[in-house]
Amino acid sequence: QKEVEQNSGPLSVPEGAIASLNCTYSDRGSQSFFWYRQYSGKSPELIMFIYSNGDKEDGRFTAQLNKASQYVSLLIRDSQPSDSATYLCAVNSNSGTYKYIFGTGTRLKVLA
Amino acid sequence: DAGVIQSPRHEVTEMGQEVTLRCKPISGHNSLFWYRQTMMRGLELLIYFNNNVPIDDSGMPEDRFSAKMPNASFSTLKIQPSEPRDSAVYFCASSSTRVGEQFFGPGTRLTVL
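In short, a report on the structure. Each chain has its residues counted from 1, running along the sequence as written. Chain A is the first chain written and ligand 1 is the first ligand written, with later ones labelled in order. Selection of residues for local features in this predicted model requires a pLDDT of at least 70, selection of side-chain atom pairs for listing and counting requires 80 or more, and totals for whole chains, interfaces and linings are taken over all residues. Excluding hydrogens and water, the side-chain figures rest on all heavy atoms present in the structure.

## Overview of the overall build of chain A
- For the purposes of this entry, the term helix denotes a DSSP run of H or I that reaches at least four residues, the term strand denotes a run of E that reaches at least two, and both are numbered from the N terminus. Check the secondary structure of chain A and you find zero helices and 11 strands.
- For chain A, whose C-alpha radius of gyration is 13 Å, the value lies close to the compact-globule estimate of 13 Å for 112 residues.
- Projected onto its principal axes, the C-alpha coordinates of chain A cover approximately 40 × 30 × 25 Å.
- Any residue under 20% of the maximum accessible area for its type is buried, any over 50% is exposed, and the rest in between are partly exposed; the area is computed with a 1.4 Å probe on protein chains only. Counting every position in chain A, which comprises 112 residues, the buried fraction comes to 44%.
- For chain A, restricting intrachain contacts to residue pairs at least 6 apart in sequence, the fraction spanning at least 24 positions comes to 53%. We compute the radius of gyration from the C-alpha atoms alone; for a globule the expected value is 2.2 Å times N to the 0.38, where N is the number of residues. In this description, contact between two residues means that some pair of their heavy atoms is separated by no more than 4.5 Å.

## Some remarks on the overall build of chain B
- Within chain B one finds zero helices and 11 strands.
- Secondary structure of chain B in N-to-C order comes out as β-β-β-β-β-β-β-β-β-β-β.
- For chain B, whose C-alpha radius of gyration is 13 Å, the value lies close to the compact-globule estimate of 13 Å for 113 residues.
- With the C-alpha coordinates aligned to their principal axes, the bounding extent of chain B is approximately 40 × 25 × 25 Å.
- In chain B, of all internal contacts separated by at least 6 residues, the share reaching a separation of at least 24 is 53%.
- Accessibility throughout is a Shrake-Rupley quantity obtained with a 1.4 Å probe, and a residue counts as covered only by protein chains that appear here. Accessible surface, chain B: about 5600 Å² in total, of which carbon and sulfur atoms supply 50%.
- When charges are counted, neither His nor the chain ends are considered; positive counts come from Lys and Arg and negative counts from Asp and Glu. Every charge is mapped to an atom, namely NZ of Lys, CZ of Arg, CG of Asp or CD of Glu. Of the charged side chains in chain B, 11 are positive and 12 negative; the average position of the first set lies 4 Å away from that of the second.

## Here we look at the state of the cysteines
All names here are of chain A.
- Note on terminology: disulfide denotes any pair of cysteine sulfur atoms within 2.5 Å. Counted according to the given criterion, the structure contains two disulfides over all chains.
- The disulfide partner of Cys-23 is Cys-89, and the gap between their sulfur atoms is 2.1 Å. Its S-S torsion of approximately -70° makes the covalent link between Cys-23 and Cys-89 left-handed. With Cys-23 in strand E3 (residues 19-25) and Cys-89 in strand E9 (residues 85-92), this pair connects stretches of sequence that are 66 residues apart. For the pair shown, Cys-23 and Cys-89 are each scored as buried.

## A word on the sheet that holds strand E7 (residues 65-71) of chain B
Residues and elements named next belong to chain B.
- Pairing between two strands requires that DSSP report at least two bridges joining them. Spatially, the four strands line up as an open sheet ordered E1-E3-E8-E7, and their pairing is antiparallel. Two strands bound the open sheet, and with one partner strand each, they are strand E1 (5-7) and E7. Ignoring strand direction, the axes of neighbouring strands in this sheet form an average angle of 15°.
- Both E7 and strand E8 (residues 74-79) contribute to a ladder of five bridges, which runs antiparallel. For Lys-68, the partnering residue across the bridge sits in E8 and is Thr-76. Axis geometry follows a simple rule: fit a line to the C-alpha atoms, using only the stretch in contact for helices, then measure angles between N-to-C directions, giving values from 0 to 180 degrees.

## Quick word on the pairing of strand E6 (residues 54-58) of chain A
Residues and elements named next belong to chain A.
- Alignment of E6 against strand E7 (residues 61-66), held across five bridges, turns out to be antiparallel. The partner of Glu-57 across the bridge, within E7, is Thr-62.
- Between the end of E6 and the start of E7, which pair antiparallel, lie two residues, with Gly-59 showing a positive phi angle near 65°.

## With respect to the pattern of salt bridges
All names here are of chain B.
- Just to be clear on terms, a salt bridge is a Lys or Arg side-chain nitrogen sitting within 4 Å of an Asp or Glu carboxyl oxygen. Counting across every chain of the model gives 11 salt bridges over all chains.
- Its salt-bridge partner being Lys-78, residue Glu-18 comes within 3.9 Å of it at the nearest N-O pair. Linking Glu-18 in the loop between strand E2 (10-13) and strand E3 (19-24) with Lys-78 in strand E8, this pair joins segments that are 60 residues apart in sequence.
- By relative accessible area, which is 44% here, Glu-18 ends up partly exposed.
- In this structure, the salt-bridge partner of Glu-44 is Arg-41, at a minimum N-O distance of 2.7 Å.
- For Glu-44, a relative accessible area of 16% corresponds to the buried category.
- By relative accessible area, which is 55% here, Arg-41 ends up exposed.
- Taken together, the shared-partner salt bridges in this structure form one network comprising Glu-62, Arg-64, Glu-83, Arg-85 and Asp-86.

## Quick look at the sheet that holds strand E8 (residues 71-76) of chain A
Residue and element names in this part refer to chain A.
- Taken in spatial order, the five strands make up an open sheet running E1-E3-E8-E7-E6, and their pairing is antiparallel. The sheet is open, and its two edges are formed by strand E1 (4-5) and E6, each paired on a single side.
- With six bridges connecting them, E7 and E8 associate as antiparallel partners. From the neighbouring strand, Leu-65 faces E8, where its bridge partner is Val-72.

The following block contains the structure:
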């Protein structure tokens, strides 16, 4: 079992719709959770991080964390073609260090 | 701030040659990470430094790979000898322990023929 799992996609949604990206992790001791966006040929860039159970909103983005079920999700409201990218989930598995375990990413396509 | 700087941006070399990748982290960041990204395996952590000291090198694939961080503003990843299966994009990232989020450099695309 991989430590951090994501559906590779592609996930296709129409422009203006809500895109829902999911990530599960295996280490119950994980403390911090990050979502990165990576455009083709570019480096990953941080979108959001979440540490506590529940929802965290930032503009069109909402991160959701459920530690009991060991999943974290990212919702993108009013999806735009410019949101088309690969979204990487990263989990900090060992509190006190900043070592991430990355998922392999979900490719999102927003159709105009 | 200039962000994380990596050089070279592209490297093409022949099997058996030595390759050295370079990274300058963001000033004030005390954690530095080297990653490798391929289509098959995604983004893999190779090695992680904190305050210039290697903390975890469990991701380094084999003895052909080595990394150093002689000071807070410079790190190298060396592959000797290189093999075609080393072809990938290598990213350097840095982090401030106060925040935890990692900032990535533009990457070095390595092709070993």
